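# Geometric and topological summary
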Amino acid sequence: MVSLPRSPATNLLRFLFLGLSTLASPSQAQLELHVPAGLTKLKAVEGAEVVLPVWYTLQGQVSSGQTWELLAVMWFLEQEGKDLNQVLAYISKTMTSKPGVSLVYSMPSHNVSLRLQGLQEKDSGSYRCSVNVQDHRGINGSHSSKTLELSVLVPPAPPSCRLLGVARVGTNVTLSCQSPRSKPAAQYQWERAPPSAQVFFAPVLDAIRGSLSLTNLSSSMSGVYICKAHNEVGSAQCNVTLEVSTGPGPAVVAGAVVGTLVGLGLLAGLVLLYHRRSKALEEPANDIKEDAIAPPTLPWPKGSDTISKNGTLSSVTSARALRQPQGPPRPGALTPTPSLSSQVRPSPRLLRTDGAHPQPTSPSPGGVSSSTLSRMGAVPVMVPAQSQAGSLV
């Protein structure tokens with residue numbers, strides 16, 4: 001119903017109605033309103049219609065030939081915290097009412113029942129019926145009122161089902177179900193759909209909050225779960241599909257991928273650092289110093305029979321190893337050779353064809369015996385024999 005603002009005329013009629021009820025002189029006939037037993041508190045469903053049954057009678061002695069006229073019928077809605085709201089008025093054969101509000105019987109009638117159509121939750125409250133009658137002379141009158149309670153109930157609106165948590169083997173999840181509108185508050189029931197039908201009860205089920213707790217999930221618990229929200233005037237339901245996975249969750253997979261990428265990045269950084277360090281260590285060893293002094297040539301005896309003027313050594317070491325020691329050697333001391341490879345072990349001479357006796361071999365350069373050179377790792381070199389005349393034999 002839609003509440004309309006009261007006009008000044010309506011307020012005036014209310015004042016006159018109450019004044020007549022108060023100032024009317026008592027008479028032998030008394031007006032009395034009646035309500036069926038047990039119907040003082042009514043319940044109706046939102047969207048439907050309801051009848052608030054009320055009728056009146058005249059009690060006491062009524063003289064023959066005396067007629068009574070129905071002066072006024074008024075219905076008011078009283079709600080907590082709100083002003084009194086007039087929903088219907090019949091005064092002096094004139095009817096005014098709110099939309100969806102009417103009297104069941106045409107006036108004048110002793111039955112003043114009220115019909116409400118297209119009920120809404122806001123139509124709940126206390127409805128008071130007031131009736132005023134008077135005799136045909138307008139001298140005697142009587143007034144009476146009656147109150148009825150009306151509660152408009154609302155069936156549960158379609159609830160919403162949600163899955164809270166990650167459905168994996170061994171984990172816990174909660175199935176939630178809530179209806180956005182219900183009067184009285186809805187109760188909830190969870191069950192599992194066939195072929196594995198199952199009905200749940202407390203403590204895993206919270207019928208007030210609509211939650212179902214499933215612990216230690218297994219693959220066999222997968223299926224469709226149905227939630228029913230119901231109250232005394234209706235019900236509604238929703239469902240959610242539970243799929244229990246056996247593999248790791250997306251967060252675990254993402255963590256593993258990120259960890260792998262970080263590990264590969266660290267490994268690549270270490271390899272790059274190792275290569276740079278190795279390169280840095282090799283560069284000083286490969287550098288050629290422009291100011292390095294060339295090694296001096298070893299003095300060989302001109303008259304030596306061991307190595308000819310055109311002979312060459314088998315190997316030459318670095319310039320630093322071939323440098324001559326500073327100052328003359330002391331008498332009787334062995335002079336260390338700069339390089340073992342530069343020393344030549346004496347080789348046997350080739351046999352002469354003219355039958356001459358072979359000349360004794362000259363000692364090794366530097367005064368070092370062949371046995372000492374052998375222990376020091378010198379390599380022997382074969383040198384062609386040379387005659388005294390300087391020709392090769």
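Residues numbered from 1 in each chain as written. Predicted model: local features only at pLDDT ≥ 70, side-chain atom pairs only at ≥ 80, totals over all residues. Heavy atoms only, no water.

A count of helices and strands for the protein chain gives three helices and 19 strands. For the protein chain, the proportion of its 393 residues judged to be buried stands at 30%. Residue pairs in contact within the protein chain that sit at least 24 positions apart in sequence constitute 63% of those at least 6 positions apart. Of the roughly 24,900 Å² of accessible surface on the protein chain, a fraction of 58% belongs to carbon and sulfur atoms. (Helix = DSSP H or I, 4+ residues; strand = E, 2+ residues; numbered from the N terminus. Buried < 20%, exposed > 50% of the residue type's maximum accessible area, 1.4 Å probe, protein only. Contact = heavy atoms within 4.5 Å. Areas by Shrake-Rupley, 256 points an atom, 1.4 Å probe, with all protein chains shown as cover.)

Looking now at the state of the cysteines. In total, this model carries two disulfides according to the counting rule given. Between the sulfur atoms of Cys161 and its disulfide mate Cys238 the distance is 1.8 Å. Its S-S torsion of about 75 degrees marks the bond between Cys161 and Cys238 as right-handed, since a negative value means left-handed. Here Cys161 is found in strand β12 (residues 160-164), whereas its partner Cys238 is found in strand β19 (residues 234-242), with 77 residues between them in sequence. For the pair formed by Cys161 and Cys238, the shared burial category is buried. Here Cys177 is linked by a disulfide to Cys227, with a sulfur-sulfur distance of 2.1 Å. When the S-S torsion is -85 degrees, as for the bridge of Cys177 with Cys227, the disulfide is left-handed. Remark: Cys227 occurs in strand β18 (residues 223-231) and Cys177 occurs in strand β13 (residues 173-178); sequence separation between them is 50 residues. Once the disulfide-bonded cysteines of the protein chain are ranked by sequence position, their pairing pattern turns out to be 1-4, 2-3. (Disulfide = S-S within 2.5 Å.)

To continue, consider the pairing of strand β17 (residues 211-214). Summarising the sheet, β13 and β17 pair through four bridges and their orientation is antiparallel. Paired with Thr174 across the bridge in β17 is Ser213. Here strand β16 (residues 205-206) pairs with β17 via two bridges, running antiparallel. Considered in β17, the bridge of Leu205 is made with Leu212. Following β16, the chain reverses through four residues before pairing antiparallel with β17; Gly210 in that reversal takes a positive phi of roughly 80 degrees. (Pairing = 2+ DSSP bridges.)

Bringing the sheet that holds β12 into the picture now. Strand order in the open sheet formed by four strands is β12-β13-β17-β16, with antiparallel pairing between adjacent strands. The open sheet has two edge strands with one neighbour each: β12 and β16.

Right, let's get into the sheet that holds strand β2 (residues 41-45). Within the open sheet, the six strands sit side by side as β2-β11-β10-β5-β6-β7. Their pairing is mixed. In the strand order of this sheet, the two ends are held by β2 and β7 (94-97), each with one partner. Strand-to-strand twist in this sheet, taken as the mean axis angle between neighbours without regard to direction, amounts to 20 degrees. Bridge count for strand β5 (residues 68-78) against strand β10 (residues 125-135) is 10 bridges, and the pairing is antiparallel. Residue pairing in the sheet places Trp68 in a bridge with Asp135 of β10. (Axes fitted to C-alpha atoms, helices over the stretch in contact; angles between N-to-C directions.)

Next up on the list: a nonpolar patch on the surface. Side chains of Val257, Leu261, Leu264, Leu267 and Val271 sit close together on the surface and give an oily, nonpolar patch of about 460 Å² of accessible area. Turning to its location among the elements, Leu261 is positioned in helix α2 (residues 250-286). (Patch = residues over 30% accessible without salt bridge, like charges linked within 9 Å, V, L, I, M, F, W, Y side chains within 5 Å. Salt bridge = Lys/Arg side-chain N within 4 Å of Asp/Glu carboxyl O.)

Per-residue confidence for the protein chain gives a mean pLDDT of 75, with 61% of residues at or over 70. Within the model, the stretch residues 1-27 combines pLDDT values under 50 with 42 contacts to residues more than four positions away or in other chains. Segment residues 300-325 is flagged for pLDDT under 50; beyond a separation of four residues in sequence, or across chains, it makes 42 contacts in the model. (pLDDT = per-residue confidence, 0-100.)

What follows deals with unusual backbone geometry. That bond from Lys183 to Pro184 is cis: its omega, -5 degrees, falls within 30 degrees of zero. On the secondary structure map, Pro184 appears in the loop between β13 and β14 (187-192). The peptide bond linking Ala202 to Pro203 adopts the cis configuration, its omega dihedral lying at 10 degrees. Locating Pro203 in the fold gives a position in the loop between β15 (198-199) and β16. The phi angle at Ser92 is positive, at roughly 50 degrees, despite the residue not being glycine.

Our next topic: the nonpolar core. Note on soluble globular proteins: their nonpolar side chains tend to be buried together. One finds Trp75, Leu114, Leu116, Val131 and Leu150 to be the most contacted residues of the largest nonpolar core, which totals 31 residues. In terms of residue count, the dominant contributor to this core is β5 (five residues). Counting 21 residues, the second largest nonpolar core, distinct from the first, contains Tyr188, Leu205, Ala229 and Cys238. (Core = buried A, V, L, I, M, F, W, Y, C linked by side-chain atoms within 4.5 Å.)

Here the focus is the environment of Ile226. For Ile226, the location among the structural elements is in strand β18. Judged by relative accessible area, Ile226 falls into the buried class, the value being 17%. It is 7.0 Å that separates the C-alpha atoms of Ile226 and Gln237, two residues lying 11 residues apart in sequence. Setting aside its immediate chain neighbours within four residues, Ile226 contacts Gln189, Trp190, Glu191, Ala193, Gln237, Cys238 and Asn239.

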